[in-house]
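Survey of secondary and tertiary structure
Below, each chain spelled out in residue letters.
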Amino acid sequence: MDPFFASPDLQICRRFRDACTGTGSTIVRRPPGDDPAYQFACSAASGLLSAPRHLESRFLYDAEGSALFERITQQPEYYLTRTETSILAAHASRIRELTGPVTLVELGSGSSLKTDLLLHAWLEQASRGCYVPVDVSDSALAGACGRINAKFPQVRVIGVNSEYQDAFPLLPLLSPSLVLFLGSSIGNFSEIEMTRFLTALAASLQPTDFFLLGIDLVKEKKLLEAAYNDAAGVTANFTRNMFARMNRELGSSVDTGAIEHVARYEEGREQIETFAYFTSQQAVFLAPLDRQFLIPQGEMVQVEISRKFHVESLLPYLKRFGFLPEQVFTDERGWYALVLLRRAPKYYGCRGRL
């Protein structure tokens, strides 16, 4: 089943509704269901059976992976976070002016550090606010919620520990809202995944709702490849941590010292492709499934893609999903863009291609 169109989890919806009617800040967690290790193993098995082999990038973000990603954003080569932050700093007040006093909902919130700029802008115009961060990493979410509670006591924080799609049925309860999807995270989706994501998101929003999308723009290959191959090796450790996590949770017994990080820009597809290169033959065991996969020396397993965009082609594409542009904000170098969109008054669904 397509995860973006799966039936909503009624328990998480009830828990969230209770949180909204209560007082104070809280974190809504998905109730125990399928064994997470079993789900991870099934995803890994599916990817390792594919040709070419790949693993889902969402599994990069356990507690260790989330901490490593925060370090990646601080590396001098990784311009994305600094550039996006500078755009938010310059235009947060204008974004608040265009949206009005809506609830802030952030998908893949991580540390939520950049969101401080928007919260400041919101509180300049109102005495109170509401922020709903959504993140699959419980540790990252708990840290972010605690920090925002301490820094912005006027803001009610309702964290949601789930995948993006599990939060979509909650969006009607929060309207009018501004949904944030920052960090060019949308670039981690394949074209099919991006279509499904935008279709499901548009179906969950109301005409009074907004969508703020961060996108990394196509630029010189040298700059792009440097951002994903930092000299300190933090991104390489991030890639290896995927297999360290498999060892911890799935009993995979992978020698992570025999894995090299490879990230290269494919100009034809306009995307960074990140791989784990195996310098020796490895037997990857998935204990929950009692299955083993042999990966020969010299083979590469894709762990992530990071697509890059052109504003002029992306805007018509987004419009087909019912997202109308309000304003585009860019940095002075034209490296990155924040696109503020409004949900169209009428939307009948679309399956578009970029």
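Computed from a predicted model, the values in this text were never measured in an experiment.

1. A word on the sheet that holds strand β7 (residues 259-266)
Think of a sheet as strands paired side by side through backbone hydrogen bonds, with each pair either parallel or antiparallel. Taken in spatial order, the 3 strands line up as β7-β8-β11 in an open sheet, and their pairing is antiparallel. Lying at the two open borders of the sheet, with one neighbouring strand each, are β7 and β11 (300-307). On average, each strand axis in the sheet is inclined to that of its neighbour by 20°, with strand direction left out of account. Sheet analysis places strand β8 (residues 271-278) next to β11, joined by 7 bridges and oriented antiparallel.

2. Topic: the side chain of Thr235
Within the fold, Thr235 resides in helix α11 (residues 234-250). Take Thr235: its relative accessible area is 8%, and that puts it in the buried class. A distance of 2.5 Å separates a polar atom in the side chain of Thr235 from a polar atom in the side chain of Asp230.

3. Regarding the packing of aromatic side chains
For any pair of aromatic rings, the description consists of the separation of the ring centres together with the inter-plane angle of the planes. Using the criterion set out here, one finds 17 aromatic pairs in the structure. A ring pair is formed by Phe69 and Phe238, whose centres lie 6.1 Å apart and whose planes are at 45°; its orientation type is tilted. Separated by 169 residues along the polypeptide, Phe69 in helix α3 (residues 63-72) and Phe238 in helix α11 bring together distant segments of the chain. Phe238 sits in the buried class, given a relative accessible area of 3%. With a centroid separation of 6.3 Å and an interplanar angle of 80°, the aromatic rings of Tyr164 and Phe189 are classed as edge-to-face. In this pair, Tyr164 is assigned in helix α7 (residues 164-167) and Phe189 in the loop between β5 (177-181) and α9 (191-204), connecting sequence segments 25 residues apart. The partly exposed category is assigned to Tyr164, whose relative accessible area is 21%. Between the NZ or CZ atom of Arg96 and the centre of the ring of Trp122, over which it lies, the distance is 5.8 Å.

4. Brief notes about the pattern of salt bridges
Any two side chains of opposite charge can pair, on the condition that their charged atoms come close. Summed over the entire model, instances satisfying the criterion amount to 17 salt bridges. A salt bridge links Asp216 to Lys219; its shortest N-O distance comes to 2.7 Å. As far as the burial class goes, Asp216 and Lys219 line up, both buried. As a salt-bridge pair, Arg269 and Glu273 come within 2.7 Å of each other at their nearest N and O atoms.

5. Describing the sheet that holds strand β6 (residues 210-216)
Sheet architecture is open: 8 strands sit in the order β1-β4-β3-β2-β5-β6-β13-β12, paired in mixed fashion. Strand pairing shows two members of the sheet lacking a second neighbour, β1 (26-29) and β12 (323-330), which therefore form its edges. Adjacent strand axes in the sheet meet at a mean angle of 20° when their direction is disregarded. Where β5 lies against β6, 4 bridges are found, and the strand directions are parallel. Across the sheet, Leu178 pairs through a bridge with Phe210, a residue of β6.

6. A look at unusual backbone geometry
Leave glycine aside and you will find that most residues have negative phi; peptide bonds, for their part, are mostly trans. At the junction of Ala51 and Pro52, the peptide bond is cis and its omega measures out at 0° in the coordinates. The omega angle of the peptide bond from Ser175 to Pro176 is 0°, so this bond is cis rather than trans. Positioned with a positive phi, Ser184 is a non-glycine residue whose angle comes to about 55°. Phi angles above zero are rare outside glycine, and Asp290 is one such case at about 55°. Assignment of secondary structure puts Asp290 in the loop between β9 (282-286) and β10 (291-295). The class of Asp290 is exposed, set by a relative accessible area of 61%.

7. Regarding the confidence of the model for the chain
Chain-level statistics for the chain give a pLDDT mean of 91 and a share of 92% at 70 or above. The model gives residues 1-8 a pLDDT under 50, and that stretch makes 17 contacts with residues more than four places away or in other chains.

8. Here we look at the pairing of strand β2 (residues 103-107)
Among the 5 residues in β2, 5 count as buried, and that is most of the element. Side chains of β2 alternate between two faces, with Thr103, Val105 and Leu107 and Leu104 and Glu106 buried alike. Pairing geometry for β2 and β5, over 4 bridges, is parallel. From the neighbouring strand, Thr103 faces β5, where its bridge partner is Ser177. Sheet analysis places β2 next to strand β3 (residues 129-135), joined by 4 bridges and oriented parallel. Counterpart to Val105 in the pairing with β3 is Val132. A crossover connection joins β2 to the parallel β3 through helix α5 (residues 115-125); in handedness this β-α-β unit is right-handed.

The rules we used
- Residues numbered from 1 in each chain as written.
- Predicted model: local features only at pLDDT ≥ 70, side-chain atom pairs only at ≥ 80, totals over all residues.
- Heavy atoms only, no water.
- Pairing = 2+ DSSP bridges.
- Helix = DSSP H or I, 4+ residues; strand = E, 2+ residues; numbered from the N terminus.
- Axes fitted to C-alpha atoms, helices over the stretch in contact; angles between N-to-C directions.
- Buried < 20%, exposed > 50% of the residue type's maximum accessible area, 1.4 Å probe, protein only.
- Polar contact = N/O pair within 3.5 Å; in protein donor to acceptor, adjacent residues only side chain to side chain.
- Phe/Tyr/Trp six-rings, centres within 6.5 Å; stacked < 30°, edge-to-face > 60°.
- Lys NZ or Arg CZ within 6 Å of the ring centre and 35° of its normal.
- Salt bridge = Lys/Arg side-chain N within 4 Å of Asp/Glu carboxyl O.
- pLDDT = per-residue confidence, 0-100.
- Contact = heavy atoms within 4.5 Å.
- Right-handed = clockwise from strand over helix to strand, strands pointing away.

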